[in-house]
Number of protein chains: 4
Amino acid sequence: MLPMTNFSPPFAITRASHVSLSVTDLEASRDFYRDVIGLVVTEETDDAVYLRGLEEAAHHSLVLERGTDAKALRVGLRVRTDADIIAAERHFASAGIEHERVEKPFQGPTLQFRDPVGTHMELTSSMQTVPRKMQAFDEFVAGAPQRLDHYQVVTYDVQAATDFWMGLGMRMSEYTATDGTDELWGTWMEVKGNTHDLVFTNGRGPRLHHFAYTVPDGLSLLHAADVAGAKGFGDEIDRGPGRHGISNALFLYLRDPDQHRIELFTTHYQFIDLEDEPLRWDVSNPKRAQLWGMPASNRWFFEASEFPGETLTEPLLQATPPTLEAYLGLH
Amino acid sequence: MLPMTNFSPPFAITRASHVSLSVTDLEASRDFYRDVIGLVVTEETDDAVYLRGLEEAAHHSLVLERGTDAKALRVGLRVRTDADIIAAERHFASAGIEHERVEKPFQGPTLQFRDPVGTHMELTSSMQTVPRKMQAFDEFVAGAPQRLDHYQVVTYDVQAATDFWMGLGMRMSEYTATDGTDELWGTWMEVKGNTHDLVFTNGRGPRLHHFAYTVPDGLSLLHAADVAGAKGFGDEIDRGPGRHGISNALFLYLRDPDQHRIELFTTHYQFIDLEDEPLRWDVSNPKRAQLWGMPASNRWFFEASEFPGETLTEPLLQATPPTLEAYLGLH
Amino acid sequence: MLPMTNFSPPFAITRASHVSLSVTDLEASRDFYRDVIGLVVTEETDDAVYLRGLEEAAHHSLVLERGTDAKALRVGLRVRTDADIIAAERHFASAGIEHERVEKPFQGPTLQFRDPVGTHMELTSSMQTVPRKMQAFDEFVAGAPQRLDHYQVVTYDVQAATDFWMGLGMRMSEYTATDGTDELWGTWMEVKGNTHDLVFTNGRGPRLHHFAYTVPDGLSLLHAADVAGAKGFGDEIDRGPGRHGISNALFLYLRDPDQHRIELFTTHYQFIDLEDEPLRWDVSNPKRAQLWGMPASNRWFFEASEFPGETLTEPLLQATPPTLEAYLGLH
Amino acid sequence: MLPMTNFSPPFAITRASHVSLSVTDLEASRDFYRDVIGLVVTEETDDAVYLRGLEEAAHHSLVLERGTDAKALRVGLRVRTDADIIAAERHFASAGIEHERVEKPFQGPTLQFRDPVGTHMELTSSMQTVPRKMQAFDEFVAGAPQRLDHYQVVTYDVQAATDFWMGLGMRMSEYTATDGTDELWGTWMEVKGNTHDLVFTNGRGPRLHHFAYTVPDGLSLLHAADVAGAKGFGDEIDRGPGRHGISNALFLYLRDPDQHRIELFTTHYQFIDLEDEPLRWDVSNPKRAQLWGMPASNRWFFEASEFPGETLTEPLLQATPPTLEAYLGLH
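Residues numbered from 1 in each chain as written. Chains lettered and ligands numbered in written order. Predicted model: local features only at pLDDT ≥ 70, side-chain atom pairs only at ≥ 80, totals over all residues.

Our focus in this paragraph is the overall build of chain A. Secondary structure assignment for chain A yields six helices and 18 strands. Since a compact globule built from 331 residues should have a radius of gyration of about 20 Å, the 19 Å found for chain A is in line with a globular shape. Looking at the 331 residues of chain A, the share that counts as buried comes to 60%. (Helix = DSSP H or I, 4+ residues; strand = E, 2+ residues; numbered from the N terminus. Rg over C-alpha atoms; globule rule 2.2 N^0.38 Å. Buried ≥ 20, exposed ≤ 12 C-beta atoms within 10 Å, placed from the backbone.)

Pasting the structure below:
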């Protein structure tokens, strides 16, 4: 049976909000996200760069930290109020979930924890605000990314991850399952009223597959690709432009200088009414991944960013990527 | 002082959801909304046509009813559950607000009421669902409107309207006020996490100024205008294409065969975090209405749809539209 | 009767190629064309700035010259070879048309002349070439104008101007005429295989109404308008965005700091085959000017750039702009 | 040495104009080109369907003929006048080139011939005209193709093909050659003032690789792909969307029900001035084919439409497609 949303969750999550990555060449990564992607640099220190989308009033949605290894450090969510941080702390304590209060610059009360499949998460209830830049049209660069929207995490146990997060109030908008069963291969879950804030897909995990920013329209995607080409990052597009079946987004995926992956996409549909059922896609249906065109590269299927100190576990379900070779006529 | 949001509202409103209009030639109006705007006809009866946007799973977001006069009948909002309808009923009873439970086809429990400035409202907690059409790309017509997003109501007392609705849990994202004071000329209020579900602007009211559907991008707006021209409705564009200062939308306004007004616009920015303050625009700042280009026509400024049986009241504040004549060089 | 193209012209004109303007604040004008329009600065001297569109290999298509008055200096056309310059010289000598060979930096053999309605023209057969910038997507600014396309000149005698230029080999693609007659109000003439290189419209002249650059698509037009708004030039859009009936272009018109007018537009249709007849628009048909939306401002109708030393002559035909007041509800 | 354009050609070619294909299911092919691509059906007979782009005034640019085999029948060019047909006839006679005058419905004098590499060509000097549909915006479908623009032919001898066509007055705008030599792998040749009317690339030939229609903008390309997906032709996109290095076009390639290939693309740059040199791309430079993203499928590289009765010849140069496997991580 499909997991059910807990409509009286222990604390109130409101949206996907910020991600932190360790990068091996801080200046190269800053240049990539500013000049090839088009994010705004809010602040730089010796060891970190804080960036945001053009419409964001929150201080940062992407934090690059200087590191010796390229890792996904934290996947961040917002909760509604400071009281929700305290409620989360209580809940994790009673549930026996590892967690820790931390001080993070520019953020309000912040709580870090590890979810049951090993994803390194962070909750905060507020951030310092800065002016939205969405009307500084003369400063738009590349895809003109507007805001952080969601994350995709590769996990060895989609069912366990989904049970946990729906228990915290997330709703499932779409999912893939083995034909004829409810064996979950991927789940798209949301709290902010559109298709997803957090996605889990089956694979060797835990790893962060990508984080995603919205762009204004399809031409912004194409311009982002053109700019990537012009700046020497044309080969770092590892999927797209294309149209997902699931969520209906037009998408483009790029790899940063450390091979962290960012998705640019046009915004998805509204998912608010309680009578809306999650949309099911059989895992045998290739249109779930893409409505038309060439499938993703193998890089897209098999590469993702690890979290520090986490051992990777082979997936419970055996994945088979789309028949790329058939498409390409390689046999 | 600005009104404050009631964060423990008596019942939970979730979004702008459906509007009903009486129209004098039902077939002509259906053809307009289907062929010139691009809405999907879900259902037709002898006396009504039910339409929706391409991505909408709810049965209808626009109801056209055959009538002898062209009127705005009802402005509809969704509440979360059936229990919220009952809670609303109790609240209105205790607050002395006129209200009535009604049966509406394809809708769950439905409650009608009149807000303090005379707007005819309707709440419902659910609707029959139908398949989303957002991937039926071969059926896209004109602007390819995706979903109903918000309403703008002209009122003689913006302060009273705003007090009422923020008391029901709406948050203000932006507002216009007399320079140097908090005297309100217009308020943009939301419940669904972006800039507005319900807008009140100062003028002879109550009248429905427009209801608005999102379109995928700016080219869809231009294509809608081109299609309107090709279908003989080119003169019924009474504003735009242009860019609002408030809310940042690219917009196009059209008048239907009864002169009801529909806005097509590209979607606005996210407004979820509680630390985000409402954005203030001095009424003297012309950029609040438009960042560039020609101002609205006088038709846009002075014409709107009346509610049946409501007497119009002159506004408390004396409005002066932008200096159109100066722009046009007419003096 | 309509004038006829001379298919054995005395010399071969190939395209609209470059325009020179005198401007009163050279730095302000350069900043405008580079940062608000998006042209590329090829070269600057103390007294002149040379600019071009992103795809242009020719050294310049716009020359700004420091001056005490704002004037349209020269409207430039290309001829095929140096021999065509010599042939032109001979032709003008035998036809009694004022002309002069001049040295112009970065240009091959160059011949200036005054056409019968007083337009200051310049022919050249070659220019120094520079790399095309059309794939430097990371340097695209504002509307990303690709190339100079055409000119519109206001003249007191459209018939005389048209006779002259069709005698030099231009073909008419579209025209406006008094209903029921061939009395010409405006003529769109081309040599390069699309709808126009040179347009004459009836009015007090000679004056240069505008010069036009192509942009890649409609979103580039909207982005140009947004950038103009962001840079403080939002009020300098004196028409559009809109769709012309004649030529079918999506257009946007902006005024530079000296009130010279530039059009940005999406490219028009092919006009090559000899069996294609010119398309006629009755002057009473408002769709010739615009297929939908608000008409042009009076600034657009009545203001244009004068040529140095030319006396203005009242038009032979009495023009009436579209019924703007009716549209705006001003009476 | 590169071949040189003959600037005094024996007759005047003006543009790529019409292509005819034999198809095995006429109704299925008509539906594809009308509903998935968006061409306009001008006329249907029992055995043929005549289609055109939305802006075309010429009766047809694509002719589908009912056949038992799927073949490329004729690649059509326009010449300026009837006299050019006679001049062509004389020229081919004196040059010993197979040719034949034929009667073709809706066309003026028509001459068929076989070029030295076996391409089946057809010249005509005029066509019956029909109204341009470019302002019937309400009839736009899918990519809204505006006009036929060019052809690409696979040949075993690019040098011979190029010598022949430049001898007939075509100019080369771009070419690929073995690094450090002038050994030609592909040549882009034009007569109408932009980058190409006729392209030859090295491979087993003669075969028609594709014919290409312009679309208004990049979003039209994406919408065409979306419509193809919705209509069940998503797998028939065998390349793109992407950006060519050569010619700078944004492109999308689709296969019709008989596997003939059509390209939709945004229009390329102007190429008129005689001082513009052809742009060279080393065959080792992968950016010539694509500025970013995934390379073409093997289907795109190796499949093309044969001409009736022509034996295929292996190419003189040994082609190696881009390192697809490396990109895909297949080794």
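All names here are of chain C. Read across the open sheet, the eight strands follow the order 2-3-4-1-5-8-7-6; overall the sheet is mixed. The open sheet terminates on both sides in strands that have one partner only, identified here as strand 2 (40–44) and strand 6 (99–102). Taken pair by pair, the neighbouring strands of this sheet meet at an average axis angle of 25 degrees, ignoring direction. In terms of strand pairing, strand 7 (residues 110–114) meets strand 8 (residues 120–124) through five bridges, oriented antiparallel. (Pairing = 2+ DSSP bridges. Axes fitted to C-alpha atoms, helices over the stretch in contact; angles between N-to-C directions.)

Listed as interface residues are 11 residues of chain D and, on the opposing side, 11 residues of chain B. Per-class residue counts for the side of chain D that touches chain B are five nonpolar, two polar and four charged. (Contact = placed C-beta atoms within 7 Å. Nonpolar A, V, L, I, M, F, W, Y, C, P; charged D, E, K, R; others polar.)

Turning our eyes to something else, we now look at the domain arrangement of chain A. It is common to give the size of an interface as the accessible area lost on bringing the parts into contact. Residue and element names in this part refer to chain A. Entries for chain A in the domain assignment read domain 1 (13–126) and domain 2 (142–319). When each unit is reduced to the centre of its C-alpha atoms, the spacing between domain 1 and domain 2 is 19 Å. Each partner contributes residues to the interface: domain 1 has 35 residues there, and domain 2 has 43 residues. For the side of domain 1 that touches domain 2, the secondary-structure elements that each account for two or more residues are strand 1 (13–23), helix 1 (26–37) and strand 5 (71–79). It is strand 1 that contributes the most residues to the side of domain 1 that touches domain 2, nine residues altogether. Here the side of domain 1 that touches domain 2 is built from residues that sort into 17 nonpolar, 11 polar and seven charged. (Domains from an automatic or database assignment.)

With that out of the way, let us pick up the relation of the copies chain D and chain B. You can overlay chain D on chain B at an RMSD of 0.0 Å; the transform is a turn of 180 degrees with a shift of 0.0 Å along its axis. Expressed as a symmetry operation, the mapping of one chain copy onto the other fits a two-fold axis. The C-alpha atom lying nearest the rotation axis in chain D is that of D:L219; the distance is 4.0 Å. A symmetric contact is evident, with 100% of the interface residues of chain D recurring at the interface of chain B. (Least-squares fit on C-alpha atoms with pLDDT ≥ 70 in both.)

Along the polypeptide, C:G143 turns up in the loop between strand 8 and strand 9 (147–155). For the pair C:G143 and C:P216, spaced 73 residues apart in the sequence, the C-alpha separation amounts to 8.0 Å.

Below, the discussion takes up helix 4 (residues 218–230) of chain D. All names here are of chain D. Over its 13 residues, helix 4 runs 19 Å from end to end, which matches the ideal 18 Å to within 8%, given 1.5 Å per residue. Summarising burial for helix 4: 13 of the 13 residues are buried, a large majority. G232, located one to two residues past helix 4, shows a positive phi value of around 90 degrees. (Expected span 1.5 Å × (residues − 1).)

Moving on: the sheet that holds strand 6 (residues 99–102) of chain B. Residue and element names in this part refer to chain B. Spatial strand order, 2-3-4-1-5-8-7-6: eight strands in an open sheet with mixed pairing. Of all strands in the sheet, those bounded by a partner on one side alone are strand 2 (40–44) and strand 6. On average, adjacent strands in this sheet sit at an angle of 25 degrees to one another, irrespective of strand direction. Bridging between strand 3 (residues 48–52) and strand 4 (residues 62–66) involves four bridges; their strand directions are antiparallel. Among the inter-strand pairings, Y50 is bridged to a residue of strand 4, identified as V63. The sheet strands contacting helix 1 (residues 26–37) are strand 1 (13–23), strand 2, strand 3 and strand 4, and the helix crosses strand 4 at an angle near 160 degrees. Most of the contacts of helix 2 (residues 82–95) go to strand 7 (residues 110–114), to which it runs at about 30 degrees, and overall it touches strand 5 (71–79), strand 6, strand 7 and strand 8 (120–124).

Residue and element names in this part refer to chain B. Looking at the element boundaries, H209 is found in strand 13 (residues 207–215). By C-beta crowding, H209 is classed as buried, having 24 other C-beta atoms within 10 Å. In sequence terms H209 and E263 are 54 residues apart; their C-alpha atoms lie 9.7 Å from each other. Not counting chain neighbours up to four residues away, the residues in contact with H209 comprise Q152, V153, V154, T201, R261 and A304.

The subject of this paragraph is unusual backbone geometry. Among all residues save glycine, negative phi is the norm, and among peptide bonds the norm is trans. Cis rather than trans, the peptide bond between B:G205 and B:P206 has omega equal to 5 degrees. For B:P206, the position within the fold is in the loop between strand 12 (198–202) and strand 13. Phi at D:A144 is positive, roughly 50 degrees, even though this residue is not glycine. On the basis of neighbour counts, which here come to 26 C-beta atoms within 10 Å, the residue D:A144 falls in the buried class. One non-glycine residue, D:Q259, lies in the positive phi region at around 75 degrees. The residue D:Q259 is located in the loop between strand 15 (250–255) and strand 16 (261–266) in this model. Owing to 13 C-beta atoms within 10 Å, D:Q259 belongs among the partly exposed residues under this scheme.

Running from amino to carboxyl end, helix 4 (residues 218–230) of chain A crosses helix 4 of chain D at an angle of 110 degrees, the nearest separation of the two axes being 9 Å. Overall, the two elements helix 4 of chain A and helix 4 of chain D adopt an arrangement that is roughly perpendicular. Only D:G218, D:L219 and D:L222 of helix 4 of chain D make contact with helix 4 of chain A, whose side of the interface consists of A:G218, A:L219 and A:L222. Here the contact of helix 4 of chain A with helix 4 of chain D is composed, by residue class, of four nonpolar, two polar and no charged. (Parallel < 35°, antiparallel > 145°, perpendicular 65-115°, else oblique.)

For the rest of this paragraph, the subject is the confidence of the model for chain A. Residue and element names in this part refer to chain A. Confidence in the prediction for chain A averages 94 pLDDT; 96% of positions are at 70 or higher. Counting interchain partners and residues more than four positions distant, the pLDDT-below-50 stretch residues 322–331 has 17 contacts. Scored by ipTM, the complex comes to 0.95, with pTM at 0.96. (pLDDT = per-residue confidence, 0-100.)

What follows covers the environment of C:Q112. Residues and elements named next belong to chain C. By the secondary structure assignment, Q112 is in strand 7. Sequence separation between Q112 and G293 is 181 residues, and the spatial gap between their C-alpha atoms is 40 Å. Sequence-distant contacts of Q112, that is, excluding residues within four places in its chain, are made with R74, H99, E100, V102, M121 and E122.

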